Amino acid sequence: MAGVRRTRNWIVAIAVAGVLGGAGLVGLGMMRDDSDGRPVGTFSDAANATNQTQVPRARAQAAPVPTQAAERAKRVKALDAALKKYAATAPEFSVAVLDRRTGQRYSYRGREKYETASVVKVQVLACLLLKAQDAGRDLTETELSLAKRMIRLSDNDATTSLFAKLGRASGLSACNKRLGLTETKVNSAWGLTRTTVNDQVKLLSELVDTSGPLDAGSRKLAYTLMSTVDDSQDWGVPAAARGTEKFTVKNGWLARSTENYRWIINSVGRITGPGTDVSIAVLSHDNATMSSGIASVQKVAKLTRQHLKY
């Protein structure tokens, strides 16, 4: 998961040796309110019409105003169609969006499992912060230095050190319960951890939830690190952000040796601005190249904004 240098507008792919693989995709998951209000038609009384000349009544009837639920359902349907159309020609992917203003979550193939590659580093960071909280202390200088390298530079050696400090797979798995991650299976080789987009947006929400397990200091540090990643790694979710908006991000990328070195490309992050506060997770695999995988993930993220209109 070595980093790549690029401009904000495009990516220059680099070769990276890998050992991760993707999963097949089936199913569709979403949460939405399907209720809507429909006017009840009125009918004239046949008895009153007997032996009478009926006079047509020209009653002006205002068009029904769409409810918020009906509008949401319309947007979800449009996004479903757009993603289904794109999926017919693209490598396999899943996406989830959690709107913190409304509490609504959308997911496409939301429970399909993928190997994380470096997006697991967000999970490692959250568990490291919880461990320090439990001990009633801040991160040590060494821990903070490792955390900065892990998130900002996607440094693998730093991640391995922190993974060991947390108790490896068993330690991270125990931490997952506190974070509410029910669809994530930690692997002893941390990059082979398997997860879903539903779990990833759940994790992102825990990083900012004032009533969640992370205290204010931990939430602030997580935001600081994820909003200051190296310029070469600000692709993926940030592609859906507008110029005046802020974002956090962590990406994962790896050529899968067992899939003819086709690429896992994952991106998780949050976009905030006036009227906007959404967490997005896009997981994919079987991409022919790193650059084409990044383009695919960014297209999916942009489609969610185009149709959900957040």
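Residues numbered from 1 in each chain as written. Predicted model: local features only at pLDDT ≥ 70, side-chain atom pairs only at ≥ 80, totals over all residues. Heavy atoms only, no water.

## Quick notes on the packing of aromatic side chains
Stage number 1. With the rule as written, the count across this model stands at three aromatic pairs.
Stage number 2. Pairing Tyr86 with Phe93 gives two aromatic rings, centres 5.9 Å apart and planes at 40°, and the pair type is tilted. A single burial state applies to Tyr86 and to Phe93, both of which are buried.
Stage number 3. Ring centres of Phe93 and Tyr108 lie 5.7 Å apart, and the angle between their planes is 25°; this geometry places the pair in the stacked category. Taken together, the positions of Phe93 in strand S1 (residues 93-99) and Tyr108 in strand S2 (residues 105-108) put the pair 15 residues apart, joining distant regions of the chain. Neither residue differs from the other here; Phe93 and Tyr108 are each classed as buried.
Stage number 4. One aromatic cluster is present, built from ring pairs that chain together Tyr86, Phe93 and Tyr108.
Stage number 5. Residue placement shows Arg109 over the ring face of Phe93; its charged tip is 5.6 Å from the ring centre. (Phe/Tyr/Trp six-rings, centres within 6.5 Å; stacked < 30°, edge-to-face > 60°. Buried < 20%, exposed > 50% of the residue type's maximum accessible area, 1.4 Å probe, protein only. Helix = DSSP H or I, 4+ residues; strand = E, 2+ residues; numbered from the N terminus. Lys NZ or Arg CZ within 6 Å of the ring centre and 35° of its normal.)

## Comments concerning the pairing of S1
Along any regular strand the residues' side chains alternate between the sheet's two faces.
Stage number 1. In terms of residue burial, S1 counts as a mostly covered element, since seven of its seven residues are buried.
Stage number 2. What you see with S1 is no split at all: Phe93, Val95, Val97 and Asp99 on one side and Ser94, Ala96 and Leu98 on the other are buried throughout.
Stage number 3. Bridging between S1 and strand S7 (residues 276-287) involves seven bridges; their strand directions are antiparallel. Opposite Val97, over in S7, you have Ile280 as the bridge partner.
Stage number 4. Where S1 meets S2, four bridges bridge the pair, whose relative direction is antiparallel. Residue pairing across strands places Val97 opposite Tyr106, the latter belonging to S2.
Stage number 5. The loop that links S1 with its antiparallel partner S2 comprises five residues; one of these, Gly103, has a positive phi angle of about 80°. (Pairing = 2+ DSSP bridges.)

## A few points about the nonpolar core
Stage number 1. Grouped together as the largest cluster of nonpolar side chains are 45 residues, with contacts concentrated most on Leu125, Met150, Ile151, Leu172, Leu179 and Leu207.
Stage number 2. No other element matches the 10 residues that helix H3 (residues 120-134) contributes to this core.
Stage number 3. Those residues in contact with Leu172, other than ones at most four positions away along the chain, are Gln123, Val124, Cys127, Phe163, Leu166 and Val186.
Stage number 4. Counting residues in hydrophobic clusters, the runner-up holds 32 residues, among them Leu83, Ile280, Val300 and Leu308. (Core = buried A, V, L, I, M, F, W, Y, C linked by side-chain atoms within 4.5 Å. Contact = heavy atoms within 4.5 Å.)

## Topic: the confidence of the model for the chain
Stage number 1. Taken over all residues, the pLDDT of the chain has a mean of 85, while the share at 70 or more is 79%.
Stage number 2. Note that residues 1-60 has pLDDT below 50 and, in this model, 126 contacts with residues that lie over four places away or in other chains. (pLDDT = per-residue confidence, 0-100.)

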